[in-house]
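Structural characterization, general
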Amino acid sequence: MQSVAILGAGIQGTSAALALSRAGFRVELIDQEPDLMLRTSLRNEGKIHLGFTYANDPSLKTSLLMLEAALAFGPLIERWVGPVDWRSIRTPPFTYLLMQDSMVAADEIRNHYARLGTAYDAVPVSDRSYLGTTPRQIWEESNLPSFVDGRAVEAAVKTAEMSIDLVGFRRLIAEAVTAAPSLETRFASRVREIARTPNGFTVSGTGQDNAPWSTRADVVVNCLWDGRLQIDEMLGHAPTRPWAYRL
């Protein structure tokens, strides 16, 4: 059985760990925090974007990628953790307000949404699973809510887009990681160095009280946030464009 070391236990690292474990690999999931998904994966709005943002991008590339990823999200998670009661962890759908002084005119935003809706309509109904729902359409214009100042807001758009409760979602992922076959965790362990060996890789670092640790793996998957580029550089992988980080 091949071994895989996954560096970083955020949503990307834990997803990779669950997928590879179920594919028959022996997996070690490593993170500097005392448990998985305690940083960026837990500290955000939890929105599973359908592509409504980035209306100022006429190419629609980012929005279409968001739409594709959103429709893949639920089926992938259920493949790794089993059936999910999405109703217990999802919010009501979002309504967007189109402001009078928006950077993008309301008609341009409507056009963006219309193109996005056309892309959604082209998706087979069997592939429209979204957080336990199968939306007939993903947006429609509606009346302004009574509490909204019409002098500042031009229109309101009801969408199918939702967020998930990240605390509850993290609990589902943690339970799946605990139950996964051939998946071990190494938490409170910061990765300091990686090196090639004749038979794979050696990963080493420091744990609690700066105690050194090391592990060997046939394959390494770098899902780190802090120190990601430095670890890549140790193996000769350098980015070809500028990078920006935010937490």
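Summary of the structure given here. Quantities reported herein were computed from a predicted structural model and do not represent experimental measurements.

Thoughts on the overall build of the protein chain
Helix and strand content of the protein chain: five helices and ten strands. The principal-axis extents of the C-alpha atoms in the protein chain amount to approximately 65 × 40 × 35 Å. By the burial criterion, 41% of the 247 residues in the protein chain qualify as buried. At a minimum sequence separation of 6, the contacts of the protein chain that also span at least 24 residues come to 63%. Only carbon and sulfur atoms are counted for the fraction: they give 51% of the accessible area of the protein chain, which is about 13,900 Å². Across the protein chain, the mean location of the 25 positive side-chain charges is 3 Å away from that of the 28 negative side-chain charges.

Some words on the sheet that holds strand β7 (residues 190-197)
Judged by pairing direction, the sheet is antiparallel, and its three strands sit side by side in the order β7-β8-β9 without closing on themselves. The sheet is open, and its two edges are formed by β7 and β9 (212-217), each paired on a single side. Across the sheet, the axes of successive neighbouring strands diverge by a mean angle of 20°, strand direction being ignored. When strand β8 (residues 200-206) meets β9, the two strands line up antiparallel, connected through six bridges.

Side note on the sheet that holds strand β4 (residues 139-142)
Within the open sheet, the three strands sit side by side as β3-β5-β4. Their pairing is antiparallel. One side of each edge strand has no neighbouring strand; the edge strands of this open sheet are β3 (95-99) and β4. For this sheet, the mean angle separating the axes of adjacent strands, direction not counted, is 30°. With five bridges connecting them, β3 and strand β5 (residues 153-159) associate as antiparallel partners. Directly across from Leu98, in β5, lies its bridge partner Ala155.

Structural notes on the pairing of strand β1 (residues 3-7)
Taken residue by residue, a regular strand's side chains alternate between the two faces of the sheet. The element β1 is largely enclosed, with a buried count of five among its five residues. Residues Ser3, Ala5 and Leu7 of β1 are buried on one face, and the alternating residues Val4 and Ile6, pointing to the opposite face, are buried as well. When β1 meets strand β2 (residues 26-30), the two strands line up parallel, connected through five bridges. Counterpart to Ala5 in the pairing with β2 is Glu28.

What to know about helix α2 (residues 61-81)
The first and last C-alpha atoms of α2 sit 30 Å apart over 21 residues, in line with the 30 Å expected at 1.5 Å per residue. Of all the bends in α2, the greatest reaches close to 35° and is centred on Phe73; the proline Pro75 follows between one and four positions later. Among the residues of α2, Ser63, Met66, Leu67, Ala70, Leu71, Phe73, Gly74, Ile77 and Trp80 are the ones counted as buried. Those residues of α2 hidden inside the fold are in contact with α1 (11-22), α3 (106-121) and α4 (166-179). Within two residues after α2, Gly82 carries a phi angle of roughly 95°, on the positive side.

Things to note about the environment of Arg192
Topologically, Arg192 is positioned in strand β7. At a separation of 3.2 Å, a polar atom in the side chain of Arg192 contacts the side chain of Thr206.

Section: the packing of aromatic side chains
Summed over all chains, the structure comprises six aromatic pairs. With centroids separated by 6.1 Å and ring planes inclined at 55°, the aromatic side chains of Phe73 and Trp86 adopt a geometry described as tilted. Taken together, the positions of Phe73 in helix α2 and Trp86 in the loop between α2 and β3 put the pair 13 residues apart, joining distant regions of the chain. Across the pair, exposure class does not vary: Phe73 and Trp86 are buried alike. A centroid spacing of 5.7 Å and a plane angle of 35° characterise the contact between Phe73 and Phe169, whose relative ring orientation is tilted.

A look at the packing of α1 against α2
Each packed pair of helices is defined by two parameters, the angle between the axes and the distance between the axes. Close contact between α1 and α2 brings their axes to 9 Å; oriented N to C, the two are set at 55°. Considered as vectors, α1 and α2 are oriented oblique to each other. Helix-helix and strand crossings are classified by hand; for α1 and α2 the assignment is left-handed. Seen from α1, the contacting residues are Ser15, Leu18, Ala19 and Arg22; seen from α2, they are Arg79, Trp80 and Val81. Considering only residue class, the contact of α1 with α2 consists of four nonpolar, one polar and two charged.

Side note on α3
If you check α3, its first and last C-alpha atoms are 22 Å apart, about what 16 residues at 1.5 Å a residue would give, namely 22 Å. Listed in full, the buried residues belonging to α3 are Ala106, Ile109, Arg110, His112, Tyr113, Leu116, Gly117 and Tyr120. Viewed end-on, α3 has its buried residues packed into an arc of 160°, placing them on one side of the element. In α3, those exposed residues whose orientation departs by more than 90 degrees from the buried face are Asp107 and Thr118. Buried residues belonging to α3 abut α2, β3, β4 and β5.

What counts and how
- Residues numbered from 1 in each chain as written.
- Predicted model: local features only at pLDDT ≥ 70, side-chain atom pairs only at ≥ 80, totals over all residues.
- Heavy atoms only, no water.
- Helix = DSSP H or I, 4+ residues; strand = E, 2+ residues; numbered from the N terminus.
- Buried < 20%, exposed > 50% of the residue type's maximum accessible area, 1.4 Å probe, protein only.
- Contact = heavy atoms within 4.5 Å.
- Areas by Shrake-Rupley, 256 points an atom, 1.4 Å probe, with all protein chains shown as cover.
- Lys, Arg positive; Asp, Glu negative; His and termini not counted.
- Charge placed at Lys NZ, Arg CZ, Asp CG, Glu CD.
- Pairing = 2+ DSSP bridges.
- Axes fitted to C-alpha atoms, helices over the stretch in contact; angles between N-to-C directions.
- Expected span 1.5 Å × (residues − 1).
- Bend = angle between axes of the 7 residues up to and from the residue.
- Polar contact = N/O pair within 3.5 Å; in protein donor to acceptor, adjacent residues only side chain to side chain.
- Phe/Tyr/Trp six-rings, centres within 6.5 Å; stacked < 30°, edge-to-face > 60°.
- Parallel < 35°, antiparallel > 145°, perpendicular 65-115°, else oblique.
- Left-handed = near helix turned anticlockwise from the far one by under 90°.
- Nonpolar A, V, L, I, M, F, W, Y, C, P; charged D, E, K, R; others polar.
- Arc of directions from axis to C-beta.

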